[in-house]
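So you can see what is in the structure, the chains are spelled out below.
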Amino acid sequence: MPELSRRLLDLQALDVEIERLARQIQQTDAALADELKIHAADLANRQAEQTLHQRQAEQKELEFELASLEQRIKTHEQHLYSGRGGPRELESLRRDIEHDQERRGQLEEKVLVAMEATEAARVERERIREATARVLDELAAQRQRLGAEREQLLADRTQRQVQRAQLAASIDAPALTLYERLRQRMPDGIAVAEVIQSHCEGCRTSLPSAEIQRARRTEGAVQCSECQRILHVPLG
Ligand SMILES: [Zn+2]
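Residues numbered from 1 in each chain as written. Predicted model: local features only at pLDDT ≥ 70, side-chain atom pairs only at ≥ 80, totals over all residues.

Colleague: For this particular structure, what's the right way to read the overall build of the chain?
Modeller: Along the chain, the regular secondary structure elements total 5 helices and 3 strands. Scaling as 2.2 N^0.38, a compact globule of 236 residues should have a C-alpha radius of gyration of about 18 Å, whereas the chain reaches 42 Å, well beyond that. Expressed as lengths along the three principal axes of its C-alpha atoms, the size of the chain is roughly 135 × 30 × 25 Å. Residue burial in the chain is summarised as follows: out of 236 residues, 15% are buried. Contacts in the chain between residues at least 24 apart in sequence constitute 75% of all its contacts with a sequence separation of at least 6. (Helix = DSSP H or I, 4+ residues; strand = E, 2+ residues; numbered from the N terminus. Rg over C-alpha atoms; globule rule 2.2 N^0.38 Å. Buried ≥ 20, exposed ≤ 12 C-beta atoms within 10 Å, placed from the backbone. Contact = placed C-beta atoms within 7 Å.)

Put into structure tokens, the structure is as follows:
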């Protein structure tokens, strides 16, 4: 009965489609669960922020050192210009001031270098902030697309599952059991094969015409004598 094999062939098409949809849903779920880029963006931002704080702290420390030194020079100069104290003490004071002034020059250089480093770290932090914001925006849009795709895939699968249940209900139990068993057993999951130009499409074997006639006329399912798949002979 070609009617039966036709229905089994349609059932198989639905099963193949349902499996394909399930795989796609799985892939979509995996893509949605992937938070690698989010973590990477977060890490890059935190590192840039940390570097900036470090540079700021270094700069502050040098500025503090410079301010203390300037204060000391000022105090020493006031003392020196007051003229109080013996010549030896004043001479020692003068040497201290000279030494501190030299040190001040070096410190000023260092502060300038530190300010540049802070500025560079600030620019870098902004660059990373903008770059990661762009990446995260793209990612958010992509996730939205994936979410919508997933909804559509789920709806499609439900629709196919309903169709499948209706079709399966119209097939008698022994044929359905045979179909299920073959689908599990066949390496490609193909249980129903069409007969095209006298060949079984499942195993490519050329079938004797008597076998084809039997498949065409028999009411139950007729299996290929070579591969055991259920044969469907298209009309005409
Ligand atoms: Zn075959």
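Colleague: What exactly am I supposed to notice about helix α2 (residues 36-82) here?
Modeller: Note on helix geometry: an α-helix contains 3.6 residues per turn, so any two residues three or four positions apart are oriented the same way. Helix length check: α2 (47 residues) gives 69 Å between terminal C-alpha atoms against 69 Å at 1.5 Å per residue, within 8%. Where α2 is concerned, the buried positions are Leu52, Arg55 and Gln59. For α2, the elements touching its buried residues are α3 (87-169). With its phi angle positive at about 75°, Gly83 sits one or two positions after the end of α2. (Expected span 1.5 Å × (residues − 1).)

Colleague: When you look at unusual backbone geometry in this model, what are you seeing that I'm missing?
Modeller: A negative phi angle is the norm for most residues apart from glycine, just as the trans form is the norm for most peptide bonds. Despite not being glycine, Gln197 has its phi angle at roughly 45°, a positive value. Here Gln197 shows up in the loop between β1 (192-196) and β2 (199-200). Although it is not a glycine, Ser198 sits at a positive phi angle of roughly 65°. With respect to the element layout, Ser198 can be found in the loop between β1 and β2. Assessed through the 13 C-beta atoms surrounding it within 10 Å, Ser198 is described here as partly exposed.

Colleague: Just to check I follow, could you spell out the nonpolar core for this structure?
Modeller: The nonpolar side chains of soluble globular proteins are, as a tendency, buried together. Counting residues in hydrophobic clusters, the biggest one holds 18 residues, and the most contacted among them are Leu8, Tyr179, Val192, Val195, Ile230 and Leu231. Secondary-structure elements contributing two or more residues to this core are α1 (2-33), α4 (173-185), β1 and β3 (230-232). Sort the elements by how many residues they give to this core and α1 lands first, with 4 residues. Apart from residues lying up to four places away in sequence, Leu231 is in contact with Ser5, Ala193, Val195, Cys200, Ala215, Val222, Gln223 and Cys224. (Core = buried A, V, L, I, M, F, W, Y, C linked by C-beta atoms within 7 Å.)

Colleague: Before we go on, may I ask you to explain the domain arrangement of the chain in this structure?
Modeller: The parts lose accessible area when they come together, and the size of an interface is often stated as this lost area. Domain annotation of the chain identifies domain 1 (35-169) and domain 2 (172-232). Relative placement of domain 1 and domain 2: their C-alpha centres are 71 Å apart. (Domains from an automatic or database assignment.)

Colleague: For this particular structure, what's the right way to read the sheet that holds β1?
Modeller: In any sheet, the strands associate via hydrogen bonds between backbone groups, in a parallel or an antiparallel arrangement. Across the sheet, which stays open at both edges, the 3 strands sit in the order β2-β1-β3 with mixed pairing between neighbours. Of all strands in the sheet, those bounded by a partner on one side alone are β2 and β3. Both β1 and β2 contribute to a ladder of 2 bridges, which runs antiparallel. Across the sheet, residue Val195 finds its bridge partner in β2, namely Cys200. (Pairing = 2+ DSSP bridges.)

Colleague: What's the story with α3 in this structure? I'm lost.
Modeller: In this model α3 runs 118 Å from its N-terminal to its C-terminal C-alpha over 83 residues, within 8% of the 123 Å that 1.5 Å per residue would give. All of the buried residues along α3 are Thr118, Ala121, Arg125, Thr132 and Leu153.

Colleague: Looking at this structure, I do not really get the environment of Ile97. What am I missing?
Modeller: In this fold, Ile97 is placed in helix α3. Assessed through the 19 C-beta atoms surrounding it within 10 Å, Ile97 is described here as partly exposed. Spatially, the C-alpha atom of Ile97 lies 9.7 Å from that of Thr75, the residues being 22 residues apart in sequence. Those residues in contact with Ile97 that sit more than four places away from it in its chain are Ile73, His76, Glu77 and Leu80.

Colleague: Would you mind going over the pairing of β1 with me for this structure?
Modeller: When a strand is regular, its side chains alternate between the sheet's two faces. For β1 and β3, the ladder comprises 3 bridges, and the chain directions are parallel. Opposite Val192, over in β3, you have Ile230 as the bridge partner. Between β1 and the antiparallel strand that follows it, β2, lie 2 residues; Gln197 among them carries a positive phi value of about 45°.

Colleague: Explanation requested: the packing of α2 against α3 in the structure shown.
Modeller: To describe two helices that pack against each other, one gives the angle between their axes and the distance between the axes. Remark: α2 packs on α3, axes separated minimally by 7 Å, with the N-to-C direction vectors making an angle of 160°. Judged by the angle between their axes, α2 and α3 are roughly antiparallel. Classified by chirality, the crossing of α3 by α2 is left-handed. Of the residues contributing to the contact of α2 with α3, the split by class is 23 nonpolar, 9 polar and 20 charged. (Axes fitted to C-alpha atoms, helices over the stretch in contact; angles between N-to-C directions. Parallel < 35°, antiparallel > 145°, perpendicular 65-115°, else oblique. Left-handed = near helix turned anticlockwise from the far one by under 90°. Nonpolar A, V, L, I, M, F, W, Y, C, P; charged D, E, K, R; others polar.)

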